[in-house]
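So the chains spell out like this:
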Amino acid sequence: SIGKTKTTEKADRATVEQAIDPRTRMVLFKMLNRGVFNDINGCISTGKEANVYHASKSDGQELAIKVYKTSVLVFKLKAAGIRCPTPYLLRLHVLAMEFIGKAGWAAPRLKDASLSLDKLREGYMEMVIAMRTLYQKCRLVHGDLSEYNILYFEGHLHIIDVSQAVDLDHPRALDFLREDCVHVSDFFKKHGVGVMSIRELFDFIVDPTIADDSIDIYLEQVQQKIMARDPTAEDEIADSVFVQAYIPKTLDDVKNAEEDVIRLTSGQDTEDMYYKTITGLKHALPRATGTKSSSSDDDDGNS
Ligand code: ADP
Ligand code: MG
């Protein structure tokens, strides 16, 4: 492992550094300065709670360095405008953060807040927008979102307990997101709020083509749809199928991509193609999905 030239090592290190967030890099540099190791060579694994790096000392001894992600994630939330406790300090596994509450009384959990139906409706909208922001801006999925990890304070919902949140690059990120959707929906539905189907909520969160300034209009339309909806067993079945379906994350994970494209372009039923919203395919192929694109006319010769 010491056979590399100095330049290659430098280049390697640059690549490694790019993949490491600033806080983690700080911790690693401190260790480097203290002589815990002399070189950090690369990433062995990116997991749900931690990344593991391969490091070595100048005498050739090898080390595995595990960096827990809590630090990365708690500092990412707030900047995107998510209502959550401001993190003050994280040392080892101890997080000091803003207190959500007053005079020693922690704000109630959403579960215990006994809100009016109007407040619950507002809260539902606030929560689905927060979930979308978390996904689109922070590139994170909470992973344990429910009425137990949401506090109600000063008229707003605050998300807490983010230590198990995952980056979108986590292989199961979309499964966790779907679970979050189920838990949030179940709570509000149970309390009489008209909610989107799990599929609709999931699509709203992951759809990269919804512009920030059209979110309100989008949600208004969804609201109309919910109100007009005749709740049938069919919706429930469609949702229960969606909740159990495998959602490919990238086109590499799609087994029959070519076949799927043919189905899309030939206008066949593609309701079961769960990845088309995540990837933006749905909107890239407006004619196939039956929605009319305003920006592109019939001017391309795509095959
Ligand atoms: P756990 O991992 O045990 O679920 P949580 O982060 O959900 O830990 O916190 C447990 C409880 O502690 C919450 O339900 C809430 O009552 C209280 N709590 C946690 N963070 C805060 C905070 N920043 N401000 C006020 N209360 C908090
Ligand atoms: Mg909790």
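The rules we used
Residues numbered from 1 in each chain as written. Chains lettered and ligands numbered in written order. Predicted model: local features only at pLDDT ≥ 70, side-chain atom pairs only at ≥ 80, totals over all residues. Helix = DSSP H or I, 4+ residues; strand = E, 2+ residues; numbered from the N terminus. Buried ≥ 20, exposed ≤ 12 C-beta atoms within 10 Å, placed from the backbone. Contact = placed C-beta atoms within 7 Å. Axes fitted to C-alpha atoms, helices over the stretch in contact; angles between N-to-C directions. Parallel < 35°, antiparallel > 145°, perpendicular 65-115°, else oblique. Left-handed = near helix turned anticlockwise from the far one by under 90°. Nonpolar A, V, L, I, M, F, W, Y, C, P; charged D, E, K, R; others polar. Pairing = 2+ DSSP bridges. pLDDT = per-residue confidence, 0-100.

### So, the overall build of the chain
Phase 1: A count of helical and extended segments in the chain gives 12 helices and 11 strands.
Phase 2: Split into buried and exposed, the 303 residues of the chain put 26% on the buried side.
Phase 3: Here the contacts in the chain between residues at least 6 apart in sequence split such that 56% fall between residues at least 24 apart.

### A word on the packing of helix α4 (residues 117-136) against helix α6 (residues 198-206)
Phase 1: At their nearest, the axes of α4 and α6 sit 8 Å apart, and the two run at 45° to each other. Regarding the angle of α4 to α6, the classification is oblique. Note that α4 runs across α6; the crossing there is right-handed. Along the contact surface, α4 presents V128, M131, R132 and Y135, while α6 presents L201, F204, I205 and V206.
Phase 2: Class assignment for the residues of the contact of α4 with α6 results in seven nonpolar, no polar and one charged.

### What to know about the pairing of strand β9 (residues 150-153)
Phase 1: The pairing of β9 with strand β10 (residues 156-159) spans four bridges and is classified as antiparallel. Looking at β10, one finds that Y152 is bridged to L157.
Phase 2: In textbook terms, the turn of a hairpin is the stretch between consecutive antiparallel strands, and for β9 and β10 this stretch comprises two residues, one of which, E154, has a positive phi near 50°.

### Side note on the pairing of strand β3 (residues 62-68)
Phase 1: With seven bridges connecting them, strand β2 (residues 50-56) and β3 associate as antiparallel partners. Residue pairing for β3: S56 is matched across the bridge by E62.
Phase 2: Two successive antiparallel strands, β2 and β3, enclose a turn made up of five residues, where G60 displays a positive phi of approximately 100°.

### Quick word on the sheet that holds strand β1 (residues 39-46)
Phase 1: With respect to topology, three strands assemble into an open sheet ordered β1-β2-β3, the strand pairing being antiparallel. Looking at which strands have only one partner, the edges of the open sheet turn out to be β1 and β3. Averaged over all pairs of adjacent strands, the angle between their axes in this sheet comes to 30°, without regard to strand direction.

### What to know about the confidence of the model for the chain
Detailed reading of the predicted coordinates is not advisable wherever pLDDT is low.
Phase 1: Looking at the chain, pLDDT values average 81 and 80% of them are 70 or higher.
Phase 2: Confidence drops under a pLDDT of 50 for residues 1-8, and excluding neighbours within four residues, the segment shows three contacts in the predicted structure.
Phase 3: Note that pLDDT drops below 50 for residues 10-15; the model gives that stretch three contacts with residues more than four away or on any other chain.
Phase 4: The ipTM value of the predicted complex is 0.98, and its pTM value is 0.74.

### As for the environment of A107
Phase 1: Along the chain, the position of A107 falls in the loop between β7 (105-106) and α4.
Phase 2: Exposure remark for A107: the 20 C-beta atoms within 10 Å place this residue in the buried category.
Phase 3: Remark: the alpha-carbon pair of A107 and K66, spanning 41 residues in sequence, is separated by 34 Å.
Phase 4: Setting aside its immediate chain neighbours within four residues, A107 contacts I100, G101, L151, Y152, F153 and H158.

### A short note on the packing of α4 against helix α5 (residues 173-190)
Phase 1: Two elements in contact, α4 and α5, have axes separated by 11 Å at closest approach and are oriented at 175°. It follows that α4 is roughly antiparallel to α5 by the angle criterion. Of α5, the residues touching α4 (which contributes L120, Y124, M127, M131 and Y135) are L177, D180, V184 and F188.
Phase 2: Tallied by class, residues from the contact of α4 with α5 come to eight nonpolar, no polar and one charged.

### Points about unusual backbone geometry
Phase 1: Its identity as a non-glycine residue notwithstanding, A103 has a phi of 50°, on the positive side.
Phase 2: Relative to the elements of secondary structure, A103 occurs in the loop between β6 (101-102) and β7.
Phase 3: Within the chain, S114 stands out as a residue other than glycine whose phi angle is a positive 35°.
Phase 4: Take S114: there are 11 C-beta atoms within 10 Å of it, and that puts it in the exposed class.

### So, the environment of D186
Phase 1: Relative to the helices and strands, D186 resides in helix α5.
Phase 2: Considered as a pair, D186 and N33 are 153 residues apart in the sequence and their alpha carbons are 50 Å apart.

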